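# Architecture and fold: a report
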Amino acid sequence: MAQQKKGLIARLLEGKERSEEYARSTLPTNRWQLFFDIFKGNLGKLAKVNLLTILFFIPLLAVIVLMTSLSDYNGTIIPNNLGYPFYADLQGQEQAMNLWMDLTLWVGICLSSVIACIGLAGGMYVIRNIVWTEGVFVANDFWRGVKLNYKNALQTAIFFCLVMTFTTTMINIAEVSLHTPDISKGQKVWLYISEGSSYVFMTLGIMMTLWMIALGVNYKMGIFTLLRNSFLMSIGTFPQTIFFGLLAALPFVFFLLGGTLFILIAVILLLLIAISYALLVWLDFAQWVFDKFVNPKIKGAKVGRGIFNKDGSSTLTGEESASALEYQRIILSHGRSRLVARPIKPIDDSLQVYELPQAFTREDLQKLRESKKNIAEDTEAYAEEHKNDLRYVEYNKQFDERERALQEEDAKKGKKRGKKLKPPKILNQ
């Protein structure tokens, strides 16, 4: 009775959070839920990652601020040749100035990216581990990420800088040519085509850069394989890449709005969480793509990291790898627990085992046997009454579904049951 009162008081104090079903219902079951769960529960860690990353972005930010200020200053002192009187010798001079300013800007960005890649390598490694819902020690994992991923980050930065330098230069050259006197209509058409193609190539380069970050921090591959796979990912998931790329860049939009207030908001977001947020959005989306198209085809790769199925079944689907199926066989080899798979009546005072006196007779032994028999029958009756309770049905359903899946897989491959099993190799750095 005292135990029942204690349990009642505990339930009243702790509420439904004490329930196992409630605990399972709060786990994320898709990537959207995982994102919000991480964002709410790891805001402090995201801020720390952002701070560590931004420290190595200081030279890059200094170059951008300096060149932007210089460009604005040149715009105030150089006539734009839009009013009256018209100066023919100034035609195209603004575009020529933009050409050299942008070229200088991207050279500065390329040089400062050598330092910025330190922050990028560490930041994307920590955020990837958070998306995988692994335990994270921000400082230690950050420097481990620098050690493991700096080469990939530097390759990605070099590719991005080369693409942006080439495309912005081609666009500026086209603008200069379009504003030169005595240009024919045919030449203008070709210059517009060249300018439009440069924008398309720039967009593709940015998309490939994003996929190079995600692929590089998840898999080990050479630079040419990385470029090829990032191109295929960009084309194969074009609308999703555009959407989530823009969603990741949302905090940086305030810089484009102009005005002191928006610039101040943008700076605060940049210092607090902008970079971590962008990496979280992108790597969370990338993990969904990898789980759908890549991981099921790689031996030992885990599918559905951080995601929980409400029915308690495996997150792996019919495309799961052979190693994952072997891992399920290992689980089945241990068998389902009898303490969890079937109802067990709680201990109460309704039935008790007959206690033998110090001097007992055959009649006392008979009473002892009958008391044990009554308890066993009562236990079986309780188990039969509650065998269809949801918690037991869900638990047994996991094993039933796994057994059926393994039987189907064995039937397809013609394997015999009972083969010696080995645990899968974990794909992890």
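One structure accompanies this document, and this report is about it. (Residues numbered from 1 in each chain as written. Predicted model: local features only at pLDDT ≥ 70, side-chain atom pairs only at ≥ 80, totals over all residues. Heavy atoms only, no water.)

## Some details on the environment of Ala157
As a reminder, the rule being used: The secondary structure listing takes helices from DSSP runs of H or I that are at least 4 residues long and strands from runs of E that are at least 2 residues long, numbered from the N terminus. When accessible area is computed with a 1.4 Å probe and restricted to protein chains, residues below 20% of their type maximum are described as buried, those above 50% as exposed, and intermediate ones as partly exposed. Throughout, a residue-residue contact means that at least one pair of heavy atoms, one from each residue, lies within 4.5 Å.
Secondary-structure assignment places Ala157 in helix 7 (residues 138-178). Residue Ala157 is classed as buried on the basis of its relative accessible area, which comes to 13%. Along the primary structure Ala157 and Leu120 are separated by 37 residues, whereas in three dimensions their C-alpha atoms are 9.6 Å apart. When near neighbours in sequence (up to four residues on either side) are disregarded, Ala157 contacts Ser113 and Cys117.

## Points about the packing of aromatic side chains
Short version of the rule: Side-chain rings of Phe, Tyr and Trp (the six-membered ring for Trp) are treated as a pair once their centres are within 6.5 Å; stacked means planes under 30 degrees apart, edge-to-face means over 60, and tilted covers the remaining angles. Two conditions define a charge sitting above a ring: the NZ of Lys or the CZ of Arg must be within 6 Å of the ring centre, and it must be within 35 degrees of the ring normal.
The tally for this structure, following the rule as stated, stands at 18 aromatic pairs. Members of the aromatic cluster, joined through ring pairs, are Trp32, Trp211, Tyr219, Phe243, Phe244, Trp282, Phe285, Trp288 and Phe290. Over the ring of Trp132 we find Arg128, and its NZ or CZ is 3.9 Å from the ring centre. Sitting above the plane of the Trp132 ring, Arg305 keeps its charged end 3.8 Å from the centroid.

## A word on the environment of Asn50
The topology assignment puts Asn50 in helix 4 (residues 43-56). The sequence separation of Asn50 and Leu272 amounts to 222 residues, and the corresponding C-alpha distance is 6.4 Å. With residues near it in sequence (within four places) discarded, Asn50 still touches Leu270, Leu271, Leu272, Ile273, Ala274, Ile275 and Ser276.

## Observations regarding a nonpolar patch on the surface
Keep this limit in mind: Each patch is built from residues that are more than 30% exposed by relative accessible area and take part in no salt bridge. Like charges join if they lie within 9 Å; nonpolar side chains (Val, Leu, Ile, Met, Phe, Trp, Tyr) join within 5 Å. Where accessible areas are quoted, they stem from the Shrake-Rupley method and a 1.4 Å probe; at the residue level, only the protein chains shown are allowed to cover. We define a salt bridge as a contact between a side-chain nitrogen of Lys or Arg and a carboxyl oxygen of Asp or Glu at a distance within 4 Å.
Where nonpolar side chains cluster on the molecular surface, the patch consists of Phe252, Phe255, Leu256, Ile263, Leu264, Val267, Ile268, Leu271 and Leu272 and spans about 800 Å² of accessible area. Broken down by element, the residue count for the nonpolar patch peaks at six residues, all from helix 12 (residues 260-272).

## Concerning the packing of helix 8 (residues 185-218) against helix 10 (residues 238-248)
Worth spelling out the cut-off: Angles shown run from 0 to 180 degrees and are taken between the N-to-C directions of axes, each axis being a line fitted to C-alpha atoms and, for helices, limited to the stretch in contact. Geometric relationships in this document are graded by angle, where less than 35 degrees denotes roughly parallel, more than 145 denotes roughly antiparallel, 65 to 115 denotes roughly perpendicular, and other angles denote oblique. Polar here means any residue outside two lists: the nonpolar Ala, Val, Leu, Ile, Met, Phe, Trp, Tyr, Cys and Pro, and the charged Asp, Glu, Lys and Arg; Gly therefore counts as polar.
Contact pair helix 8 / helix 10: the axes reach a minimum separation of 11 Å and the direction vectors enclose 80°. Judged by the inter-axis angle, helix 8 sits roughly perpendicular to helix 10. Seen from helix 8, the contacting residues are Thr203, Met207, Leu210 and Trp211; seen from helix 10, they are Phe238, Thr241, Ile242 and Gly245. Classifying every residue of the contact of helix 8 with helix 10 by side-chain character gives five nonpolar, three polar and no charged.

## Examining the environment of Ser234
To keep it simple, the criterion reads: Counted as a polar contact is a pair of N or O atoms within 3.5 Å, where, for protein atoms, one must be capable of donating a hydrogen and the other of accepting one, and residues adjacent in sequence contribute only when both atoms are in side chains.
Mapped onto the secondary structure, Ser234 falls in helix 9 (residues 223-236). You can call Ser234 buried: its relative accessible area is 0%. Residues Ser234 and Gly205, 29 residues apart in the sequence, show an inter-C-alpha distance of 9.2 Å. Apart from the residues within four sequence positions on either side, Ser234 is in contact with Leu204, Met207, Met208 and Trp211. A polar side-chain atom of Ser234 sits 2.7 Å from the main-chain carbonyl oxygen of Ser230.

## Let's talk about the pattern of salt bridges
Where charged atoms of side chains with opposite charge meet at close range, the side chains can pair. All told, the structure shown has three salt bridges when counted by the stated rule. Note that Arg31 and Asp291 form a salt bridge whose closest N and O atoms lie 2.8 Å from each other. One end of the pair, Arg31, is in helix 3 (residues 31-41); the other, Asp291, is in helix 13 (residues 274-294), and 260 residues separate them in sequence. The residues Arg31 and Asp291 share a single accessibility class, namely buried. In this structure, the salt-bridge partner of Arg305 is Glu134, at a minimum N-O distance of 3.3 Å. Of this pair, Arg305 sits in the loop between helix 13 and helix 14 (322-334) while Glu134 sits in the loop between helix 6 (93-131) and helix 7, and the two are 171 residues apart along the sequence. Where salt bridges share partners, they join Arg31, Asp284 and Asp291 into one cluster.

## What to know about the side chain of Arg31
Owing to a relative accessible area of 9%, Arg31 belongs among the buried residues under this scheme. Of the polar contacts made by the side chain of Arg31, one reaches the side chain of Asp291; its length is 2.8 Å. Polar side-chain contacts of Arg31 include one of 3.0 Å to the backbone oxygen of Arg305. Beyond its immediate chain neighbours, meaning those up to four positions away, Arg31 contacts Val131, Asp284, Gln287, Trp288, Asp291, Gly304, Arg305 and Ile307.

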